[in-house]
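Residue-level structure breakdown
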Amino acid sequence: MKKIFYLLFIISLVSCCKEQPPIPCTNCPSAVDSNNINLSILIDLSDRIDPITNPNPTMQYFQRDAEYIKAIEKGFLNHIKSKRIITYDDQMQVFFNPEPSDPKMNELTKELKVSFNKDIPKSYFDSVDKKYSELPLNIYQSAIKDGKYVGSDIWEFFKNKVKDYCIKDDRRNILFILTDGYMYHENTTFAEKKENSYKTSYLTTKLIKSNNLTTSGFKEVIEKNGYGFVKANEDLSNLEVIVLGINPEKGNPFEEAVIKEYWENWFKEMKIKKYQIKSADLPTNLEPIILKVISGK
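Residues numbered from 1 in each chain as written. Predicted model: local features only at pLDDT ≥ 70, side-chain atom pairs only at ≥ 80, totals over all residues. Heavy atoms only, no water.

It is worth spelling out the confidence of the model for the protein at this point. Model confidence for the protein is summarised by a mean pLDDT of 89, while 89% of its residues fall at 70 or above. pLDDT under 50 marks residues 1-33. Its contacts with residues more than four places away, or in other chains, come to seven contacts. (pLDDT = per-residue confidence, 0-100. Contact = heavy atoms within 4.5 Å.)

For the rest of this paragraph, the subject is the packing of aromatic side chains. Here the structure, examined in full by the defined rule, presents 19 aromatic pairs. Summarising the aromatic geometry, the rings of Phe-157 and Tyr-165 are spaced 6.0 Å apart at their centres and angled 65° between planes, so their arrangement reads as edge-to-face. The exposure class assigned to Tyr-165 is partly exposed, which follows from its relative accessible area of 38%. On the basis of an interplanar angle of 85° and a centroid distance of 5.8 Å, the ring pair of Trp-263 and Trp-266 is categorised as edge-to-face. Here Trp-263 and its partner Trp-266 are both found in helix H9 (residues 255-269), three residues apart, which amounts to about one turn of the helix. (Phe/Tyr/Trp six-rings, centres within 6.5 Å; stacked < 30°, edge-to-face > 60°. Buried < 20%, exposed > 50% of the residue type's maximum accessible area, 1.4 Å probe, protein only. Helix = DSSP H or I, 4+ residues; strand = E, 2+ residues; numbered from the N terminus.)

Taken in spatial order, the three strands make up an open sheet running E7-E8-E9, and their pairing is mixed. Lying at the two open borders of the sheet, with one neighbouring strand each, are strand E7 (191-194) and strand E9 (227-229). Mean inter-strand twist for the sheet, computed between neighbouring axes without regard to direction, equals 20°. Relative to E9, strand E8 (residues 197-200) runs parallel, the two sharing three bridges. Looking at E9, one finds that Lys-199 is bridged to Gly-228. Contacting E8 and E9, H9 crosses the sheet at an angle of about 65° to E9. (Pairing = 2+ DSSP bridges. Axes fitted to C-alpha atoms, helices over the stretch in contact; angles between N-to-C directions.)

Our focus in this paragraph is the sheet that holds strand E3 (residues 114-117). Where strands meet in a sheet, backbone hydrogen bonds hold them as pairs that are either parallel or antiparallel. Ordered in space as E3-E2-E1-E5-E10-E11, the six strands form an open sheet in which the pairing is mixed. Here the strands that pair on one side only, and so sit at the sheet edges, are E3 and strand E11 (275-279). The sheet shows a mean angle of 10° between the axes of neighbouring strands, direction not considered. Pairing geometry for strand E1 (residues 37-43) and strand E5 (residues 172-178), over seven bridges, is parallel. Residue Ser-40 lies in a different strand from E5, and its bridge partner there is Leu-175. Where helix H3 (residues 104-112) meets the sheet, it contacts strand E2 (89-96) and E3, and its direction lies at approximately 160° from that of E2. Along the sheet, H9 contacts E5, strand E10 (239-246) and E11; its crossing angle with E11, the most-contacted strand, is approximately 165°.

Within this structure, the stated rule accounts for 16 salt bridges. Between Arg-48 and Asp-44 there is a salt bridge, with its nearest N and O atoms 3.7 Å apart. The salt bridge involving Glu-134 is made with Lys-130; its shortest N-O contact spans 3.1 Å. Taken together, the positions of Glu-134 and Lys-130, both in helix H4 (residues 123-146) and four residues apart, correspond to about one turn of that helix. Overall, the relative accessible area of 38% leaves Glu-134 in the partly exposed class. Three or more residues are tied together by salt bridges with common partners; here these are Asp-44, Arg-48 and Asp-65. (Salt bridge = Lys/Arg side-chain N within 4 Å of Asp/Glu carboxyl O.)

The description of two helices packed together rests on the angle between their axes and the distance between the axes. Close contact between helix H2 (residues 61-81) and H4 brings their axes to 10 Å; oriented N to C, the two are set at 160°. Put simply, H2 runs roughly antiparallel to H4. The way H2 lies across H4 gives a crossing that is right-handed. Contacts between H2 and H4 involve Phe-62, Asp-65, Ala-66, Ile-69, Lys-70, Glu-73, Leu-77, Ile-80 and Lys-81 from the former and Phe-125, Val-128, Asp-129, Tyr-132, Ser-133, Pro-136, Leu-137, Tyr-140 and Ile-144 from the latter. Across the contact of H2 with H4, the residue classes break down as twelve nonpolar, one polar and five charged. (Parallel < 35°, antiparallel > 145°, perpendicular 65-115°, else oblique. Left-handed = near helix turned anticlockwise from the far one by under 90°. Nonpolar A, V, L, I, M, F, W, Y, C, P; charged D, E, K, R; others polar.)

Let's shift gears to the nonpolar core. In this structure, Leu-39, Ile-41, Ile-43, Phe-76, Phe-116, Tyr-132 and Phe-176 are the most contacted members of the largest nonpolar core, which totals 43 residues. Counting residues per element, this core draws most heavily on H2, which supplies nine residues. Beyond its immediate sequence surroundings of up to four residues, Ile-43 is in contact with Ile-69, Val-94, Phe-95, Phe-96, Tyr-140, Ser-152 and Leu-178. (Core = buried A, V, L, I, M, F, W, Y, C linked by side-chain atoms within 4.5 Å.)

It is the contact of H3 with H4, at a shortest axis distance of 10 Å, that shows an interaxial angle of 155°. Accordingly, the angle class assigned to the pair H3 and H4 is roughly antiparallel. Relative to H4, H3 is oriented so that their crossing is left-handed. Packed against H3, whose contacting residues are Met-105, Leu-108, Glu-111 and Leu-112, the element H4 presents Lys-131, Tyr-132, Leu-135, Pro-136, Asn-138, Ile-139, Ser-142 and Ala-143 at the interface. Its residues assigned to classes, the contact of H3 with H4 shows eight nonpolar, two polar and two charged.

Within the secondary structure, Arg-84 sits in the loop between H2 and E2. On the accessibility criterion, Arg-84 (46% relative accessible area) is partly exposed. In the structure, Arg-84 is positioned 34 residues away from Lys-118 in sequence and 8.8 Å away in space, judged by C-alpha atoms.

So this is what it looks like as structure tokens:
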């Protein structure tokens, strides 16, 4: 009996000495905080912002853009303030493509590139808020004064720059694009015609008409002919995209839906899983949507 007792005791002792799984630490900061945001804003400074070419008596489009940017900044700061200081590792920046001719623009974009870490002083919040209240409007006013609207090369930005500029590992990457939805730049205008598709690097109201996308059956026409944007990137699955300011030309009641169809299909081809495409509504209507996107709720 003693031998059996000792044997059971040894087995029990060995079992207790086995390595136990570590107890998770609920108060310790993780090595990588997936709640950190890398937020980018791409601004289309084409003639869509010209108050003479495209006037809007309710609120000019460049003024709407400036308010959209202010709402984005508000959502970004709300996100920062919701976190513990030790986890701060977030940034926000503004891009143009191509860059405007005004050399001051480079300085303005430097000012609008802001980063938060655990060592920033409390006064930094007020500094960022002040910059985003004043500088975006200065950018639009400078572009309008310059008057050289060469279009916005959004396609080329997605092809050659979006991964380097807007995507960071172990971050939640969000890109806001402020544009009317038409895509055109004189240096990036080409088409790829295959047996069952006709893809372009651009989208204009003239192209929409020539492709006969002016009736309620536009989706069937797009699918049958393989119309759409040329794919600019293979895999952007770690990027969220929100397009603000879709503003179709008058005359075709389906123009806006066609524009959105082009963008949606393009995003899906590039494996972008999260995206939204919104019309050029008043900032007060779009602000709740912008804040919700950034909060991730």
